[in-house]
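# Analysis of the macromolecular model
For reference, the chains in residue letters:
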Amino acid sequence: MSDQPSTLLSAFSRKAHAAHCKLCLSGLPASQIDVDGSRLALAFYCLGGLDLLGVLEEEISPRNREEWRTWLWTQHAKGKYGSGFRPGPFMTGRDPRISLQDPADYTNYDTPHLIMTYTALLSLAILRDDFSKLDRKGIIAFLRCCQRQDGSFSTVPGSNENDLRTLYCAFAISNMLDDWSGVDIPQAVAFLATCRTYEGGYGQSTFCEGQGGTTYTAIAALGLASAVTKKEYLTRSEKQVTIEWLLRNQDDSGGFRGRTGKEADACYCFWCGGSLKILGAESLVNSEALATYLSRCRFKYGGIAKAPGESPDPYHTYLSLAALSMYPPQVHDGNSTSETWKFGVLDPLLNAREETVAWIRSHVPDRKVHS
Amino acid sequence: MFDDDELLFSERPEWSDVTPLEQYENLNPLAPIFYTDEYKDATNYLRAIVKSGEKTKRVLELTENIIKQNPAHYSAWQYRYETFITLLFPSSPPKPSKALATNPMVIAELALMDELAVRFLKTYQVWHHRRLLVALTRQPRRELGFIKKSLEADAKNYHTWSYRQWTLAFFGGAGGGGGVAVESSDENDIDFEVGEDLWAGELDFVDAMLAQDIRNNSAWHHRFFVVWGCGVREGELDRERISKRELIFVKQHISFAPNNPSAWNYLRGILRHTSTPFSSVAAFAEPYTSSKESISRDNIVDLDNPRPGEGAELPCSEALEFMADVHEAKTTEEGVNSAVEIWKNLATEHDTMRKKYWEHRIRSAHRSLNTATNAA
Ligand SMILES: [Zn+2]
């Protein structure tokens, strides 16, 4: 089946998927209340989706983009643990002191959040912000406050909630700032190594089962660190074992699963596919089968779901687009269908479109140091 | 979600002394949530309480209400924990102790967590709060029982298994590093329920889980964690005996259900962990690469090399892959040829999904063979 499934692919209705992203940006039903504490991440998935579809400028007015940038900056907070972004205003009361010129001082209950800071920087870059309001020193101080004794990072200062996602975000932020002085790389890498499992994947934390999502964060974090330390963190055979495990996770449906023996899920097409790309094994992925699976996850009115027949959401929509951008199917129909399956090129280490990463490179680092 | 007679906090006389604090949303926000009136109402009071710093009994009621509406509200959890600690230790710094387990407040909190863990099985914060409580009460055995029950609802739940691994590592005296830091200065006065015997039932527990579902990778992973991943306990010191026991265990389970990637991964895992060459189990794996008809049926039971069970779907692609690795490792031309033969089989017939990968293995095996020949 893997030889010629491409002929079965129907046109990718880019308008409909863009509409799904736009709809979620305009508002979410009360049933999605559980994203209240991670709204910035959801916003990133929607904006990232529009970015990969290449429709941000045509679909979103300049005024709208400006207002969104302003809103994102109101989540920027400065205080005793340094600066960063909050998940949203869910703990922010009406307060006349809040203004852009003078970021609100936070309490222990509305501090910046490490994962949200990563997604905010990406979102602002997608919206082509000039980052003139970024408190770079403050962010470095914040990273320092989040790193724990064992080398891992907490989501918010002082919390015990720590796993490989936060470690990856700390590394990604350091990479964006081109300043690694906020993190202790050797300690972090030592923690990361304790999350490796006998299967070749990485668990969420020490002793946990190998899982596609946390494996991506581990592999991407090592990739980001390698770029600055010039060190290889995995032996050839370790890499080999990880690649084999990742490839085995592509099941008969063509989609990837997150753990051995589980069902395929659209998001793991990105998490496993992205890991394989970083490990230089992208040519070994069955990209035709992958696209066939993701095409079945499409919801007919737009958006992509975790599995065929499920409801779409921005998380699975964005990650599916990101996976397709790395693994585009070969559609040889010679007409317009093949065009609809082309997406912006993705930088697998930062998980953003290459143009957006280029914007980050030229706007996020401290120019005083790098000019 | 609410009883008809449940009042909003703004309608309750006992909350009339608090001025609710509304969320600051600004113009044109990204992804605003259309909150229900109940959620708006309760969080208005939470913001007000956090601002005033009140940590009283009614805050537990308020945060419980919010958590039940949004179990991922990590600030509500955080404030609840701090309030709980303030109420539990009104005049002294918090200190773990076994005696806490009989405290009515603690009992009530754990009972609520039992209820919420089942209701919000997939929410990180539910498990996180539990860790904090148990680090105080030091009653890990109760947790192991609770986890066992909660896996009945979802046998592969990631948080539940992680929590079991954390509980064992944190209280079982082997390795630790599970994540919660508790005052260590005066550990001597604490009557810990800590000890290696906490681990005593783990292998039976894994057996029971695998008896329900032999393909439950979480259970296989847990076995690896118990036997190899987190220290060596008394009774397990003879590692050669343990290796042998584990090999017999995994081979038997492969013979019950050969097409089980979890079991094959466990086999590879043990061999790598103990630096044992794959070839040492070639005699076991070989029969699983044959087609059904060609297997000779005899009545000899060989514990070291259990045969595929009757009705097994053969050949098994995991076994093919395993034997190809064995052949390739011989680094002889003959070995590589045998491996290539198997890879071709996998690519064209038994595992076409990974066709590109098998072709890659063929290319790289030929390449390294050529390099070796040229060097010689
Ligand atoms: Zn998913």
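Residues numbered from 1 in each chain as written. Chains lettered and ligands numbered in written order. Predicted model: local features only at pLDDT ≥ 70, side-chain atom pairs only at ≥ 80, totals over all residues. Heavy atoms only, no water.

## Some details on the overall build of chain B
- In terms of regular secondary structure, chain B is built from 15 helices and 0 strands.
- Within chain B, the proportion of its 376 residues that are buried is 54%.
- As displayed, chain B offers around 17300 Å² of accessible surface, 51% of which is attributable to carbon and sulfur atoms. (Helix = DSSP H or I, 4+ residues; strand = E, 2+ residues; numbered from the N terminus. Buried < 20%, exposed > 50% of the residue type's maximum accessible area, 1.4 Å probe, protein only. Areas by Shrake-Rupley, 256 points an atom, 1.4 Å probe, with all protein chains shown as cover.)

## Regarding the interface of chain B and chain A
- Chain B puts 69 residues into the contact, and the matching count from chain A is 75 residues.
- The contact between chain B and chain A buries some 6300 Å² in all, and 54% of this surface belongs to carbon and sulfur atoms.
- Ranking the residues of chain B by area buried against chain A places Leu 30, Tyr 158 and Met 353 of chain B at the top, with a combined share of 14%.
- Seen at the junction of chain B and chain A, the total is 2 salt bridges.
- A salt bridge links Arg 361 of chain B to Glu 244 of chain A, with the nearest nitrogen and oxygen atoms 3.3 Å apart.
- Counting across the chain B and chain A interface gives 35 residue pairs in polar contact (both at pLDDT 80 or more). (Contact = heavy atoms within 4.5 Å. Buried area = accessible area lost by both parts, 1.4 Å probe. Salt bridge = Lys/Arg side-chain N within 4 Å of Asp/Glu carboxyl O. Polar contact = N/O pair within 3.5 Å; in protein donor to acceptor, adjacent residues only side chain to side chain.)

## Digging into unusual backbone geometry
- In this model, Leu 314 of chain B is joined to Pro 315 of chain B through a cis peptide bond whose omega is -5 degrees.
- Topologically, Pro 315 of chain B is positioned in the loop between α12 (282–285) and α13 (317–329).
- Of note in the backbone geometry, Arg 128 of chain A takes a positive phi value of approximately 55 degrees without being a glycine.
- Its place among the elements puts Arg 128 of chain A in the loop between α5 (114–126) and α6 (136–146).
- For Arg 128 of chain A, a relative accessible area of 29% translates into the label partly exposed.

## Some thoughts on the coordination of the zinc ion
Residue and element names in this part refer to chain A.
- At the metal site, the zinc ion is ligated by Asp 265 (OD), Asp 265 (OD), Cys 267 (SG) and His 316 (NE2), and these contacts range over 2.1 to 2.4 Å.
- In this structure, the zinc ion is coordinated by 4 donor atoms arranged in irregular fashion, with angles at the metal of 55 to 117 degrees.
- Spacing between the donor residues of the zinc ion along the chain follows D-x1-C-x48-H. Here His 316 lies in helix α13 (residues 314–326) and Cys 267 lies in helix α11 (residues 266–278), a separation of 49 residues in the sequence. Grouping residues by exposure puts Cys 267 and His 316 together as buried. (Donors = N, O, S within 2.8 Å, 3.2 Å for Na, K, Ca; no water. Tetrahedral: all angles 85-135°; square planar, octahedral: opposite > 155°, others 65-115°.)

## A closer look at the pattern of salt bridges
- Counted by the stated rule, this structure contains 41 salt bridges over all chains.
- With its nearest N and O atoms 3.3 Å apart, the salt bridge here joins Lys 239 of chain A to Glu 232 of chain A.
- For the salt bridge of Asp 325 of chain B with Arg 268 of chain B, the shortest nitrogen-to-oxygen distance reads 2.9 Å. Remark: Arg 268 of chain B occurs in helix α11 (residues 261–273) and Asp 325 of chain B occurs in helix α13; sequence separation between them is 57 residues.
- What makes Asp 325 of chain B buried here is its relative accessible area of 11%.
- One connected set of salt bridges, linked through shared partners, spans Glu 244 and Arg 248 of chain A together with Arg 268, Glu 321, Asp 325, Glu 328 and Arg 361 of chain B.

## A closer look at α13 of chain A
Residue and element names in this part refer to chain A.
- Its 13 residues give α13 an end-to-end C-alpha distance of 18 Å, which sits within 8% of 18 Å, the value for a rise of 1.5 Å per residue.
- Across the 13 residues of α13, 12 count as buried, placing the element largely inside the fold.
- Of the positions making up α13, those classed as buried are Pro 314, His 316, Thr 317, Tyr 318, Leu 319, Ser 320, Leu 321, Ala 322, Ala 323, Leu 324, Ser 325 and Met 326.
- Looking at the packing, one finds that the buried side of α13 touches α1 (14–26), α2 (39–53), α11, α12 (287–296), β3 (346–347) and β4 (352–353).
- You can read the cap of α13 off the contacts: a side-chain oxygen lies 3.0 Å from the backbone nitrogen of Tyr 315, and it is on Asp 313. (Expected span 1.5 Å × (residues − 1).)

## Digging into the environment of Ala 16 of chain A
Residues and elements named next belong to chain A.
- In this fold, Ala 16 is placed in helix α1.
- Placed 263 residues apart in sequence, Ala 16 and Leu 279 show a C-alpha to C-alpha distance of 33 Å.
- Excluding residues within four positions of it along the chain, Ala 16 makes contact with Tyr 301, Gly 302 and Gly 303.

## Details of the nonpolar core
- Judged by nonpolar contacts, the single largest core of 232 residues is most densely connected at Phe 171 of chain A together with Leu 267 and Phe 322 of chain B.
- Broken down by element, the residue count for this core peaks at 11 residues, all from α2 of chain A.
- Setting aside its immediate chain neighbours within four residues, Phe 322 of chain B contacts Trp 264, Leu 267, Arg 268, Leu 271, Phe 278, Val 281 and Ala 285 of chain B. (Core = buried A, V, L, I, M, F, W, Y, C linked by side-chain atoms within 4.5 Å.)

## A short note on the environment of Gln 252 of chain B
All names here are of chain B.
- Summarising the element assignment, Gln 252 is placed in helix α10 (residues 239–256).
- Sequence spacing of Gln 252 and Leu 30 is 222 residues, and the spatial spacing of their C-alpha atoms is 55 Å.
- Apart from residues lying up to four places away in sequence, Gln 252 is in contact with Leu 303 and Pro 306.

## Considerations on helix α4 (residues 104–119) of chain B
Residues and elements named next belong to chain B.
- Taking 1.5 Å of rise per residue, 16 residues should cover 22 Å, and α4 covers 23 Å from first to last C-alpha, within 8% of that figure.
- Of all the positions in α4, only Val 106, Glu 109, Leu 110, Leu 112, Met 113, Asp 114, Leu 116 and Ala 117 are classed as buried.
- Lining the buried residues of α4 we find α2 (57–69), α3 (74–88), α5 (124–137) and α6 (140–153).
- The distance from a side-chain oxygen at the start of α4 to the backbone nitrogen of Met 105 is 2.7 Å, and the residue carrying that oxygen is Asn 103.

## Quick word on the state of the cysteines
Residues and elements named next belong to chain A.
- The tally for this structure, following the rule as stated, stands at 0 disulfides over all chains.
- A disulfide-free cysteine, Cys 169 has its sulfur positioned 10 Å from the sulfur of Cys 146, the nearest such atom.
- Cysteine Cys 272 is unpaired, with the sulfur of Cys 269 as its nearest cysteine sulfur at 8.0 Å. (Disulfide = S-S within 2.5 Å.)

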